[in-house]
Amino acid sequence: MLDKSEMIFGVRAVIEAIQAGKEIDKILVKKDIQSDLSKELFAALKGTLIPVQRVPVERINRITRKNHQGVIAFISSVTYQKTEDLVPFLFEQGKNPFFVMLDGVTDVRNFGAIARTCECAAVDAVIIPARGSASVNADAVKTSAGALHTLPVCREQSLRSTLQYLKDSGFRIVAATEKGDYDYTKADYTGPLCIIMGAEDTGVSYDNLALCDEWVKIPMLGTIESLNVSVAAGILIYEAVKQRNNE
């Protein structure tokens with residue numbers, strides 16, 4: 001369970017946190033909440049990327065016995081950045097940008113492990129969707145060995161729109177997928193690059209695959225059909241490091 005210092009309880013307190021611009025990972029709201037204050041909460045949430053989950057009040061009661069009024073906000077352990085702000089900054093610095101995008105990776109430990117690899121490999125940022133992603137919480141930071149304190153995380157409303165922006169900015173998009181056309185070592189990772197990894201059960205969504213320049217696969221020589229996503233990410237990331245360092 002999260003430390004209580006990472007949560008905000010009560011409708012008014014959560015509204016104030018949103019208005020103050022606090023980085024909020026997600027908000028739990030009891031399913032049947034109905035009050036003037038709750039309407040004010042949903043009005044405050046308009047235009048934000050904060051995921052809201054409607055849950056039975058029993059779930060909230062299991063988290064805290066405080067007077068939560070049916071609302072709990074989980075404070076993010078990181079300050080999110082925007083891809084569209086980071087890309088021009090990196091180009092202005094004379095860098096050859098390297099991003100990793102996670103499409104539907106919801107396991108906190110996998111997310112933390114990938115972030116750790118990214119930091120070790122000098123990846124410039126991890127891109128995640130606002131909804132359908134692992135929480136960037138204390139457990140993720142711990143699994144990342146602290147990498148999430150230094151590695152930029154971009155939380156985006158639409159991964160598809162972000163991919164299109166990256167393509168328009170000159171990035172090559174490489175997807176890891178069992179539908180891959182060829183071995184991962186055959187791809188070109190040398191220029192501005194975004195590697196996209198999907199969830200282990202569903203993989204990269206078709207809409208996002210359609211925007212990728214290359215579909216690659218990692219050879220499976222045993223009887224198990226796929227690798228853990230954090231291991232697969234590490235393999236591709238370090239193939240990219242090898243190619244980019246040999247330019």
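Computed from a prediction, not measured in an experiment: that's the story for all the values here.

S.K.: Would you mind going over the overall build of the protein chain in detail, with residue names and values included?
M.R.: Looking only at helices and strands, the protein chain features nine helices and 11 strands. A burial count over the protein chain gives 49% of its 247 residues as buried. Sequence separation of 24 or more characterises 81% of the internal contacts of the protein chain that already satisfy a separation of 6 or more. Summed over all atoms, the accessible surface of the protein chain reaches about 12300 Å², with 47% contributed by carbon and sulfur. Distance between charge centroids for the protein chain: 7 Å, based on 28 positive and 31 negative side chains.

S.K.: An account of the side chain of Asn110 is requested, with residue identities and associated values reported.
M.R.: Within the element layout of this structure, Asn110 appears in helix α5 (residues 108-120). In this structure Asn110 touches Val105, Glu200, Asn228, Val229 and Ser230, once residues within four positions along its chain are discounted.

S.K.: Outline the sheet that holds strand β11 (residues 214-217), supporting the account with residue identities and numerical values.
M.R.: Here seven strands make up an open sheet; going across it, the order is β7-β6-β5-β10-β8-β11-β9 and the pairing parallel. The two strands at the open ends of the sheet, each matched to only one other strand, are β7 (153-156) and β9 (182-183). In this fold helix α4 (residues 83-92) packs onto β5 (98-103), β6 (125-129) and β7, with an angle of close to 160 degrees to the strand it touches most, β5. Its contacts with the sheet put helix α7 (residues 159-168) on β5, β6, β7, β8 (172-176) and β10 (193-198), and the angle it makes with β5 is roughly 160 degrees.

S.K.: Outline the packing of α5 against helix α9 (residues 229-245), listing residues and values.
M.R.: Interhelical geometry of α5 versus α9 gives an angle of 15 degrees and a closest axis separation of 9 Å. Compared by their axis directions, α5 and α9 come out roughly parallel. Seen along the crossing, α5 lies across α9 with a hand that is right-handed. On α9, the residues touching Asn110, Ala113, Ile114, Thr117, Cys118 and Cys120 of α5 are Val229, Ser230, Ala233, Gly234, Ile237 and Tyr238.

S.K.: I'd like a description of the packing of α4 against α7, backed by residues and values.
M.R.: The contact between α4 and α7 brings their axes to 11 Å, and the two run at 20 degrees. Our classification of the angle between α4 and α7 gives roughly parallel. Both α4 and α7 take part in a crossing whose hand is right-handed. When α4 is examined against α7, the residues Thr83, Glu84, Val87 and Pro88 are found in contact with a partner set consisting of Thr162, Tyr165 and Leu166. Its residues placed into classes, the contact of α4 with α7 shows four nonpolar, two polar and one charged.

S.K.: Can you break down α7 residue by residue, with the values?
M.R.: Those residues of α7 lying buried are Leu159, Thr162, Leu163 and Leu166. Burial along α7 is one-sided: seen end-on, the buried residues are contained in an arc of 100 degrees. Two residues or fewer after α7 comes Gly170, characterised by a positive phi angle close to 95 degrees.

S.K.: Mind laying out the confidence of the model for the protein chain, listing which residues take part and the relevant values?
M.R.: Averaged over every residue, the pLDDT of the protein chain is 92; residues scoring 70 or more account for 98%. Note that pLDDT drops below 50 for residues 1-5; the model gives that stretch 10 contacts with residues more than four away or on any other chain.

S.K.: I'd like to hear about the packing of aromatic side chains, residue by residue, with values.
M.R.: Counted by the stated rule, this structure contains two aromatic pairs. On the numbers, 6.1 Å between centres and 65 degrees between planes, the contact of Phe91 with Phe171 is edge-to-face. With a gap of 80 residues between them, Phe91 in helix α4 and Phe171 in the loop between α7 and β8 connect regions that are remote in the sequence. What makes Phe91 partly exposed here is its relative accessible area of 35%. Taken together, the aromatic side chains of Phe91, Phe99 and Phe171 make up a single cluster linked through ring pairs. We note Lys26 situated over the ring of Phe74; from NZ or CZ to the ring centre the distance is 5.3 Å.

S.K.: Tell me about the pairing of β10, and name the residues and values.
M.R.: In terms of burial, β10 is largely enclosed, as six of its six residues are buried. The side-chain alternation of β10 yields two buried faces, one formed by Leu193, Ile195 and Met197 and the other by Cys194, Ile196 and Gly198. Where β5 lies against β10, six bridges are found, and the strand directions are parallel. Directly across from Phe99, in β10, lies its bridge partner Cys194.

Conventions and cut-offs
- Residues numbered from 1 in each chain as written.
- Predicted model: local features only at pLDDT ≥ 70, side-chain atom pairs only at ≥ 80, totals over all residues.
- Heavy atoms only, no water.
- Helix = DSSP H or I, 4+ residues; strand = E, 2+ residues; numbered from the N terminus.
- Buried < 20%, exposed > 50% of the residue type's maximum accessible area, 1.4 Å probe, protein only.
- Contact = heavy atoms within 4.5 Å.
- Areas by Shrake-Rupley, 256 points an atom, 1.4 Å probe, with all protein chains shown as cover.
- Lys, Arg positive; Asp, Glu negative; His and termini not counted.
- Charge placed at Lys NZ, Arg CZ, Asp CG, Glu CD.
- Pairing = 2+ DSSP bridges.
- Axes fitted to C-alpha atoms, helices over the stretch in contact; angles between N-to-C directions.
- Parallel < 35°, antiparallel > 145°, perpendicular 65-115°, else oblique.
- Left-handed = near helix turned anticlockwise from the far one by under 90°.
- Nonpolar A, V, L, I, M, F, W, Y, C, P; charged D, E, K, R; others polar.
- Arc of directions from axis to C-beta.
- pLDDT = per-residue confidence, 0-100.
- Phe/Tyr/Trp six-rings, centres within 6.5 Å; stacked < 30°, edge-to-face > 60°.
- Lys NZ or Arg CZ within 6 Å of the ring centre and 35° of its normal.

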